[in-house]
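Secondary and tertiary structure notes
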Amino acid sequence: MTSTATALTIRLVRTEEFARAGELTARAYQHSYDRLSEQYLDSLRDVAARVRIGDVWVAVDDGEILGTVWVARPNRPLAGVAQPGETDFRQLAVAPEARGRGVGEALTRHVIELARQRGSHRVVMNSGPEMTAAHALYAKLGFTRLPEREGRIEVEPGRFVDLLAFGYDLAPEPRAATRTTAGVSAMTWLFEHIDYDDPRAAALRAEMDREVGPRYADRFDDADPEAAARSARAFAIDPATIVATVLVTDAAGEAVGHGALRDLEHDGIRDLEIKRVYVHPRARGLGASRALLAELERIALDRGAERVILQTGDRQHDAVELYGRLGYTPIPIYAPYTEYAFSRCFAKPL
């Protein structure tokens, strides 16, 4: 996403940028707060920990990171300030030397747009009392105080902060929301087994390309024609090798998720490869991905596979975390992805 107001590019942080984004966050907080301990500053520098539970976005100008913000993934709040149907964000940080250039506003507007795309009815966040410039920005953009969600917390041993709460309403609050023990809405997912060329499947794959493609575009920008052709072959899918395509649908019958199985053999074991797993943002965090993967595993087992394998990339942090939680273990990069060092490959025995 590009902010037309500032000509900044706002995108997800890249793995190789963790240290730079983390140091920027620490410097920004030091600029606004006094007496921050090294332990707390180290936590601000730990971008790797943040991407395990949320999305870290950066504002970039000509390759230089000027700001960053940590945003909850759909239906998975970062803090207790968020309630069902809301998107929250934390640690909005702008490099001290870049303040006054609209970086914080561009990042905040980006969060609002993300929440709108997800169908959230409100954006919420906490802020410390010293962040007066940020408070002025939130007021300018239409945020209002939420006094009922404010309170004192201990941010580190012996250091207490009276956190303020702010909200930006996108739509009327739903009359009721069903909470589970995980704090998200309860959902029932259905499956449709379809042809790979089904228009609904193609539409979801196109959405996946629009979301994931820009994360890796820079790694292919300078590829020569021969390398570009190899990449096209490596990541292409021959529909004839697809043995199953599954859609996840909601109670209204709308397709919100897609996954497929491709027939491959590696290491003398008949493997089935999980491909093109994608869940629409509005259905994330509600168990759709888990349900989809379980269904693909069931199909693979029925077809006699001893394990399933899959490939993703080092910039799809949420996918890597999900696979780890579901019992997938890392394996060496397998063909046809062997020349792409950014690949992350996993297997799960059935």
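So, here's what we can say about the structure. Every residue gets a number counted from 1 within its own chain, in the order that chain's sequence is written. Note on the predicted model: pLDDT of at least 70 is required for a residue's local features to be given, and 80 or more for side-chain atom pairs to be given and counted; whole-chain, interface and lining totals, by contrast, use all residues. Calculation of side-chain values draws on the structure's entire complement of heavy atoms; hydrogens and water are dropped beforehand.

**Some words on the overall build of the protein chain**
- Each helix is a run of H or I in the DSSP string that is no shorter than four residues. Each strand is a run of E no shorter than two, and both are numbered from the N terminus. Secondary structure summary: the protein chain contains nine helices and 16 strands in total.
- C-alpha atoms define the radius of gyration, and 2.2 Å times the number of residues to the power 0.38 defines the globule rule. For a compact globule of 350 residues, the expected C-alpha radius of gyration is about 20 Å, and the protein chain comes in at 22 Å, within 12% of that figure.
- With the C-alpha coordinates of the protein chain rotated into their principal frame, the extents come out at 60 × 50 × 40 Å.
- Here, two residues are considered to be in contact whenever any of their heavy atoms come within 4.5 Å of each other. Of all intrachain contacts in the protein chain linking residues separated by at least 6 positions in sequence, the fraction that spans at least 24 positions is 66%.
- When the accessible surface of the protein chain is split by element, carbon and sulfur atoms take 51% of a total near 16,900 Å².
- Positive residues here are Lys and Arg, negative ones are Asp and Glu, while His and the chain termini are left out of the count. Lysine's charge is taken at NZ, arginine's at CZ, aspartate's at CG and glutamate's at CD. The positive charge centre, built from 45 side chains, and the negative charge centre, built from 52, are 3 Å apart in the protein chain. Computed by Shrake-Rupley with a 1.4 Å probe, the accessible areas treat only the displayed protein chains as cover when residues are assessed.

**Observations concerning helix α8 (residues 288-302)**
- For α8, built from 15 residues, the straight-helix expectation of 21 Å at 1.5 Å per residue is met to within 8% by its first-to-last C-alpha distance of 21 Å.
- Throughout, exposure labels follow a simple rule: accessible area from a 1.4 Å probe, protein chains only, divided by the maximum for the residue type, with under 20% read as buried, over 50% as exposed, and the rest as partly exposed. Those residues of α8 that sit buried are Ala288, Ala291, Leu292, Leu293, Glu295, Leu296, Glu297, Ile299 and Ala300.
- Immediately downstream of α8, the backbone of Gly304 shows phi near 90°, a positive value. A helix is expected to span 1.5 Å for every residue after the first.

**Section: the packing of aromatic side chains**
- The rule is short: rings of Phe, Tyr and Trp, with Trp giving its six-membered ring, pair when the centres are within 6.5 Å, and they are stacked under 30 degrees, edge-to-face over 60, tilted in between. Applying the stated rule across the entire model yields 14 aromatic pairs.
- Ring centres 5.9 Å apart and planes at 50° place the aromatic pair Tyr323 and Phe346 in the tilted group. Of this pair, Tyr323 sits in helix α9 (residues 317-325) while Phe346 is found in strand β16 (residues 343-349), placing the two residues 23 residues apart along the sequence.
- You can call Phe346 buried: its relative accessible area is 6%.
- Counting every residue linked through ring pairs, the aromatic cluster contains Tyr216, Phe220, Phe235, Tyr334, Tyr337, Tyr340 and Phe342.
- Sitting above the plane of the Tyr196 ring, Arg205 keeps its charged end 3.7 Å from the centroid. Geometrically, a lysine NZ or arginine CZ counts as sitting over a ring once it is within 6 Å of the ring centre and also within 35 degrees of the ring normal.

**Comments concerning the packing of helix α1 (residues 18-32) against helix α2 (residues 38-45)**
- Where α1 meets α2, the closest approach of the two axes is 7 Å, and the angle between their N-to-C directions is 135°. As summarised for this structure, α1 and α2 are arranged oblique, according to the angle between their axes. Both α1 and α2 take part in a crossing whose hand is right-handed. For the pair formed by α1 and α2, the contact residues are Phe18, Gly22, Glu23, Thr25, Ala26, Tyr29 and Gln30 on the first element and Tyr40, Leu41, Leu44 and Arg45 on the second.
- Under the convention adopted here, Pro, Cys and the residues Ala, Val, Leu, Ile, Met, Phe, Trp and Tyr are nonpolar, Asp, Glu, Lys and Arg are charged, and Gly plus all remaining residues are polar. Taken together, the residues that form the contact of α1 with α2 break down as six nonpolar, three polar and two charged. The angle between two axes is taken between their N-to-C directions and runs from 0 to 180 degrees, where each axis is a line fitted to C-alpha atoms and a helix contributes only its stretch in contact. Geometric relationships in this document are graded by angle, where less than 35 degrees denotes roughly parallel, more than 145 denotes roughly antiparallel, 65 to 115 denotes roughly perpendicular, and other angles denote oblique. Each crossing gets its handedness from the near helix: less than a right angle anticlockwise from the far helix is left-handed, clockwise is right-handed.

**Overview of the nonpolar core**
- By size, the foremost hydrophobic cluster in this structure holds 53 residues, and its most contacted members are Val13, Val69, Phe89, Val123, Tyr138 and Phe143.
- No other element matches the seven residues that helix α4 (residues 103-118) contributes to this core.
- If sequence neighbours within four positions are ignored, Phe89 has contacts with Val69, Trp70, Val71, Leu78, Thr108, Val111, Val123, Val124, Met125, Tyr138 and Phe143.
- One finds Val248, Ala288, Leu292 and Ala300 within the second-largest nonpolar core, a separate group that totals 28 residues. Grouping buried Ala, Val, Leu, Ile, Met, Phe, Trp, Tyr and Cys residues that are joined through side-chain atoms within 4.5 Å yields what is termed a nonpolar core.

**A short note on the pairing of strand β5 (residues 86-94)**
- Counting buried positions over the nine residues of β5 gives eight, a clear majority of the element.
- Two strands are said to pair when DSSP picks up at least two bridges between them. Across four bridges, the pairing between strand β4 (residues 64-72) and β5 is antiparallel. Looking at the pairing, Val71 lines up with Phe89 of β5.
- Looking at chain direction, β5 and strand β6 (residues 122-127) are connected through three bridges and run parallel. Bridging from a neighbouring strand, Asp88 pairs with Val124 of β6.
- In terms of handedness, the path from β5 via α4 over to β6 forms a crossover that is right-handed. Handedness of a crossover: with both strands directed away from the viewer, a clockwise path from the first strand across the helix to the second marks it as right-handed.

**So, the pairing of strand β11 (residues 242-249)**
- Among the eight residues that make up β11, seven are buried, leaving the element largely enclosed by the rest of the structure.
- Pairing of strand β10 (residues 190-194) with β11, which is carried by five bridges, proceeds in the antiparallel orientation. Bridge pairing links Leu190 to Thr249 in β11.

**Side note on unusual backbone geometry**
- Cis geometry marks the peptide bond from Ala335 to Pro336, where omega comes out at 15°.
- Residue position: Pro336 is located in the loop between β15 (329-331) and β16.
- Of note in the backbone geometry, Asn75 takes a positive phi value of approximately 65° without being a glycine.
- Along the chain, Asn75 turns up in the loop between β4 and β5.
- The phi angle at Arg276 is positive, at roughly 55°, despite the residue not being glycine.
- For Arg276, the position within the fold is in strand β13 (residues 269-279).

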